[in-house]
Structure formats: structure tokens, C-alpha cells
Amino acid sequence: MSESLKVAVRCRPFNQRELDRNAKLVIDMTDATTTIRHPDSEEVKKFTFDYSYWSHDGFDTEENGYMKGQAGTNYADQTTVFNDLGVGLLENAWKGFNCCVFAYGQTGSGKSYSIVGYGENKGVIPMTCADLFKRIEATTTDTMQYRVQVTMLEIYNEKLRDLLNPKTAADQLKIRTNSNGMYVENIREVAVNTYKAIEHQMDVGTKNRTVGATQMNATSSRAHTVFTINFTKIDSSSGKPSEVRASLNLVDLAGSERANSTGATGDRLKEGAAINQSLSNLGLVISALAERANFPKKKVLVPYRASKLTMLLQNALGGNSKTIMVAALSPADINYEETLGTLRYADRAKQIKTVATVQEDPTDRLIRELRAENSRLQTLVQSGGVTPRGGPQDAQGVELVTPEEMRAAVEEAVGAVITTSAEERAKAIEATLAKFRPMYPEGTSIPNADMLAIVTFAISELASLTPEERAQVVERSANAANWRNGGRFRYLLLGQSRSLAKARFGDAIARTMLKSTTRKSQLYAVVEAVRRMKAVDDVKSAREQLQANERKIEALQMSWEEQLEQTRLVDVERTEAMRKLGFVELTPEQMKTTPSLVNLSDDPLMSGQLYFWMTKDVSAMGATEDADIVLQGLGVAPEHAKLEKSPDGSLLLCPLKGTTFINGKEIKGPTKLEHNARLIIGNTNVLRFNDPLPPAAA
């Protein structure tokens, strides 16, 4: 049964920019109704949604930083939002329904605050995760087990990035379609068994997110982020394990923005253009779905494939999912147009209807289906792109030919030699069948080697051909990939590069067209070449799908304990890689005694984000992955420099093969680092040395 997409709107407090410009309040909320007033004409527009959250004023900030509503006010805090939205999502996921919640609004309107939150004001994602594991701990028994896996990705400038595995190249992450809808191929699924583990993965992904500073928001999300929780409930109380699966997709969209409001230039301007384009496509999808819901008999094309974002949200908006949209609003008059646009956007979205079903998909059945698919794909690859038609096979799996198919193959092989007369070709065919038909009665099969001898004999019966011409036709026949039912001759190109295949097909077209005397023959040559190219494309696609299926089978056959162990090993590997890149923090006690290098940047948001802790006696710096401190950019050599701890506890910087400056002066030999010293490594990497120990103790 279909149900409408639920829509909630939330109004935040004034930010510093709006306070500095003496902004006026234009938003008001009463129960589920939201009104917006034009700052000049005083015209009022009303909108009604499932939830209208007033979070503009009427709150106190507790000592721990949590913002709680005052008595007698209608302030909606983070707990209120979670109780209305997050609990319902979790209930549906527990029953086996796919769920999705996504936030929409202009830059700086408070989307990330509602979805992710900060500090003690945790958003929907962390509170949902915490409640999920509370339920798991309370209901886990010998006959009821649970598994949780998470993924986290972002869409930046229409490119996918795996935030839990930054090493994965963007071109390896591809959006595919299966019976359950859209999914991302090659994304890392991380197995987690506690809330701390999932919180750790969220922290890792958040550090890898792309953010930037604009005039409207100092920490503006520059990419759409999708955090997915794959939840599996295994019930073996009946003696046979049964699985119920569900996916919770929590989406934090980048904010729509106007260049003149944000002051964006350069890369920020390009990012904003990509964000607006994808959000515009999302708007077109929502409008099309709303029109489809209002006019069921009308054929409406929904442009899901217009952007990566709409492809990923296809299940949430028009497929098998229970979906909630959170529209974040700015209450200021200076953002009236953007806020009104968001309200209209949300008003269209509430007309969308989705149909959610319980996800029961046993692993054994999926593995069996994948293996059957792999068998079909392997046969397709081996046949050079020709789909087998069924029938007897030899020990190597090569299809055999029946006597009836022998006649069809001989007729086509001889009939293709159009330089001979029709009478001569007919005599050659009859002579061949008279000689070989008695050798293979009905019910027998003809091997490929015998078929080649039969066709060669038939061609030799064409007396008007020269020996050279006969040899050419026989060679063509020897390379035929399919004798069945007189199928067209297909040259085997398995294992060859696509460019070589193109070159050979191009030569074949040229030779055939030069020999052809009629327009029909020339067209046939082109059609034949196109068909052969299709065979090569089929083989390439089959190989890619075969590899993907094999990876799925391997993952499905892993036990839960093996998946957790793999996650632990991957986490250790990733922690070491991120340590080299400056993303790992030490404990507070370790920070008090460990020297570090801190990055400096023109962008205030990026400055001070990377900490390279000096935990080793000797730390190598350079552009290679083997270095202890990995730096990239112009002028950074593979073995650029090294840092050594001297016996008195001080730190020495020793240049090796690259240009290195300390406080503006190039150094040629080992140099002692003083607290707050500025280092320039190569042309673009600027670092500050931080020594936590006082000079007397250093």
C-alpha cells in the first residue's frame, strides 16, 4: 500500500551574519502550520506539513552545551525531533522496511545540525545509531541475532567518494541497478557491533568530508553526504534461520546557494554550481513524482538519471522505502526568497507516494542466483559475446552441431562467396551434403573440428575460385566462433584490446566494402561490423559483472566474526594511513608531552586541521606512501627530509633531497626546531612546530 512522503520543517535561530545585519523575523509556526511574511508587502503565505519545529528561540543552554526548551515554549530540541522522526525510522527498520531521511535547505539553514548535530546536541543519525544498539542489546538471544554494517559516501562535483575508504578511486565507485534498486558498487561496508564502533566510523567519515567557508556559513558542506546503516535480523526460533533486512539511508544534502549571497569565488563558485545543478535535478524529480501522484493515468518521465544524487535517492523518492524529508529554514528577512523556495520545495515533496515492502532476502538464495548468473556470464565470455542457444556440448563445454545445423552452416559458408554463380554454389552444397550427411544420422552431433573439414570441402567444390581465394575463405571459416543454426561468422577477439578489435573490424569493413558492388552488400558489411562490436561490448560488460558477483559471493560467505575481524584489520590499516596524513589524535595525556607539526593554510577552516605527532625517534617526510609523514604538492621529493630526536629531547630537521625552509631561511643540514617555528616543505606545504614541553624541560 502506498503512503505519502512525510515532510518536516525546522526554523533555526539567527546566525551571526543575520544579527550583524539587524535581520527581522519572517517565519512563524503554529502546530503543523508554517507561515512566512513578505518583509515589504507583509503578504502572508501558509504551508501545512506533518511536523513544524520551532527552534528559533525559547531555549536555555545547559552546562554541557545542550540546548533545552524553556517551560511554556514550543521550542523543539534535538530529542523532540528524534522522537518524532528517528524513532519512527527505527521502528520501520526493525520491521524490515527500507527507510530514508534527508535534509534540504539553503546554505547555513541548519541541515547538518538536524541530521548530524554537534557536541551534546546530537542529530538524528547518532541518536538513531545509539537507540539501535540499545534495542539490539536488549533483545539479543541464542535464537535472535543481529548484524549491522555501515557505509558513508559523499557526492562532490558529481563524483562519488567513499568516506570510510578514501583510497578508493572515484572511477571505481559506480552506481548500479539490481532487483532491489540502485546501489553503489565497490563501496566499503564496515561491520560494527557496538555504538562506539559506529560512532568511530562516523567520526572517520566526518573528518574526510568536504567542507568550506562561505560568507553565509563558516562550515558549509560542499558535498552531499549519504550515511547508510544495513541492518539484518536473524531469527532461528523456528529451527531454520530466517533473515529480515533493512537499510536506513540518512542523507545530509549540501545547501543551495546564490553566488552573490555567499561571496563564493574560484573553487567555491564551481562547487556551488555543481551543488545547485544536482539540487535542481532533485527538484525536477520531486515535481515529476508529485505530478505522477496527482495524475495516476498520465505518463510522466521521472529524470532520475540526471545526476548522481537523484540516482541514489531513486529508492527513497519513488521506490521501496519509507521516507522523511526535513526542510531547514532561515528565519531572517534577508533570506526570504531562499526560504520561500524551500517551503515550496517541501510542499511539492509531501505529494509524493512510495510503496515499502518488508525486505526478506535469504543469503543462500542470493548466492545461488549469483552463481547461476556467473555461470551464464562465463559462458558468454568464452563464446566471444555470442549467447549459447542450448544443445549438446563436448567435454570442454563447446556446443556441438546437429546434422540440420550442418546444412545451414554449409549453405551460409558457401552462400557468402558471392563472386561465384548461384548454380555453382548450389552444386557445391549438394555435393557436400551427399558426402557427409550419411556419416552423421539423426540424433548424433558434429564436433567443431569435423565442421571445419566439412565447410572446407564445400568451398573446395567452388571450381571458379583461385587457390588463393579458397585459402582466404577457409581461413575465415576457421576463425568462425559459432556454427549453430548457420549463425554469422564471428571472429574470436577474446583477450584482445578494444582498440585492436576496432582496428580489425575497421579493416574488415574496408575490405568487404571494396569488394562489394551493390549498395545492399555495402550496408550488410556495416551492419555485420556493428554486430561484432556489440559482441565485444557484451564480453567486456559480462567480465565486469562477473567480477562484481564474485566479490558479492565472497562477502556473503564470510561469517559475522570474519567480517568483524576484517573490519578491525581495515581499521588498523586506515588508522596508520590517516596518521601519516595527519588525521589521528592522541589521548589528552599523550598530547601534553608529544611534539607535533600542525598545518597552516590561507583558508581559516583548513588551517590547524592536520596534526603530525612525533612519536618515533626518526620520522621520514616525503611524497611516498612509505613515509611516516606523507606530504603532497609541488616541490615535495619522495624522500624529502627526516625528523630526529636528539639525546637532550630536542627535535632536529634534516633535509635530504628537497628544498626546506625554517622561518623563511633555507636549511642545508640538521637544524634544531624551536617552539612555533614555521616550516615550508617544497612549494606549498606550510607547517608550524609545536613543542608542549617548556624550554627547561625540553
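Residues numbered from 1 in each chain as written. Predicted model: local features only at pLDDT ≥ 70, side-chain atom pairs only at ≥ 80, totals over all residues. Heavy atoms only, no water.

Participant: Even after reading the chapter, I still don't get the packing of helix α2 (residues 78–95) against helix α4 (residues 124–139), so can you show me in this structure?
Facilitator: A packed helix pair is summarised by two numbers, namely the angle formed by the two axes and the spacing between the axes. Close contact between α2 and α4 brings their axes to 9 Å; oriented N to C, the two are set at 50°. As the angle between them shows, α2 and α4 are arranged oblique. In the packing of α2 onto α4, the handedness of the crossing is right-handed. For the pair α2 and α4, the contacting residues are Gln78, Thr79, Val81, Phe82, Gly86, Val87, Leu90, Glu91 and Trp94 in the first and Val124, Met127, Thr128, Asp131, Leu132, Arg135, Ile136 and Thr139 in the second. (Axes fitted to C-alpha atoms, helices over the stretch in contact; angles between N-to-C directions. Helix = DSSP H or I, 4+ residues; strand = E, 2+ residues; numbered from the N terminus. Parallel < 35°, antiparallel > 145°, perpendicular 65-115°, else oblique. Left-handed = near helix turned anticlockwise from the far one by under 90°. Contact = heavy atoms within 4.5 Å.)

Participant: Before we go on, may I ask you to explain the sheet that holds strand β33 (residues 685–690) in this structure?
Facilitator: Hydrogen bonding along the main chain pairs the strands of a sheet, whether they run parallel or antiparallel. The strand order across the open sheet formed by six strands is β24-β23-β33-β32-β29-β30, and the pairing between neighbours is antiparallel. In the strand order of this sheet, the two ends are held by β24 (611–613) and β30 (665–666), each with one partner. Relative to β30, strand β29 (residues 660–662) is paired through two bridges, and the arrangement is antiparallel. Within β30, the residue paired with Phe661 across the bridge is Glu666. (Pairing = 2+ DSSP bridges.)

Participant: In this structure, what is going on with the pattern of salt bridges? I would like to understand it.
Facilitator: Opposite charge on two side chains makes pairing possible when the charged atoms of those side chains draw close. Throughout the structure, instances matching the rule amount to 15 salt bridges. Here Glu639 makes a salt bridge to Lys657, at a shortest N to O gap of 3.6 Å. Of this pair, Glu639 sits in the loop between β26 (629–630) and β27 (641–645) while Lys657 sits in the loop between β28 (651–655) and β29; the two residues are 18 residues apart in sequence, bridging distant segments of the chain. Its salt-bridge partner being Glu644, residue Lys642 comes within 2.9 Å of it at the nearest N-O pair. The exposure class assigned to Lys642 is partly exposed, which follows from its relative accessible area of 27%. (Salt bridge = Lys/Arg side-chain N within 4 Å of Asp/Glu carboxyl O. Buried < 20%, exposed > 50% of the residue type's maximum accessible area, 1.4 Å probe, protein only.)

Participant: Honestly, the packing of aromatic side chains in this entry has me stumped. Any pointers?
Facilitator: The geometry of an aromatic ring pair is captured by two quantities: the separation of the ring centres and the angle between the planes. Applying the stated rule across the entire model yields 10 aromatic pairs. A centroid spacing of 6.3 Å and a plane angle of 10° characterise the contact between Phe47 and Phe49, whose relative ring orientation is stacked. Like Phe49, Phe47 is buried. Here the aromatic rings of Tyr146 and Phe231 are separated by 5.9 Å at their centres, their planes lie at 15°, and the arrangement is stacked. Linking Tyr146 in strand β12 (residues 144–156) with Phe231 in strand β19 (residues 224–235), this pair joins segments that are 85 residues apart in sequence. Pair check on accessibility: Tyr146 and Phe231 agree, each one buried. Joined through ring pairs, the aromatic side chains of Trp94, Tyr146 and Phe231 make up one cluster. The side chain of Lys322 reaches across the aromatic face of Phe97, ending 4.8 Å from its centre. Positioned above the aromatic ring of Phe49, the side-chain terminus of Lys350 is 5.5 Å from the ring centre. (Phe/Tyr/Trp six-rings, centres within 6.5 Å; stacked < 30°, edge-to-face > 60°. Lys NZ or Arg CZ within 6 Å of the ring centre and 35° of its normal.)

Participant: Before we go on, may I ask you to explain the sheet that holds strand β5 (residues 44–48) in this structure?
Facilitator: Sheet architecture is open: three strands sit in the order β3-β4-β5, paired in antiparallel fashion. For this open sheet the edge positions go to β3 (27–30) and β5, each flanked by a neighbour on one side alone. On average, each strand axis in the sheet is inclined to that of its neighbour by 20°, with strand direction left out of account. With four bridges connecting them, β3 and strand β4 (residues 33–37) associate as antiparallel partners. Counted as the bridge partner of Ile27 is Ile36 from β4.

Participant: I'm lost on the environment of Pro670 in this one. Help?
Facilitator: Within the secondary structure layout, Pro670 lies in the loop between β30 and β31 (671–672). Taking the C-alpha atoms as reference points, Pro670 and Leu651, separated by 19 residues in sequence, lie 9.6 Å from one another. The residues contacting Pro670, other than those within four sequence positions of it, are Leu653, Cys654 and Pro655.

Participant: I tried to follow the pairing of β12 on my own but got confused; where do I start?
Facilitator: Every regular strand shows the same layout, with side chains that alternate between the two sheet faces. Taken across its 13 residues, β12 has 10 buried, putting it largely inside the fold. Looking at chain direction, β12 and β19 are connected through 12 bridges and run antiparallel. In the strand pairing of β19, Gln145 is matched with Ile234. Summarising the sheet, β12 and strand β16 (residues 190–192) pair through three bridges and their orientation is antiparallel. Of the residues in β16, the one forming a bridge with Val148 is Val192. With four bridges joining them, β12 and strand β13 (residues 159–162) adopt antiparallel strand pairing. When the sheet's bridge partners are listed, Tyr156 is paired in β13 with Lys159.

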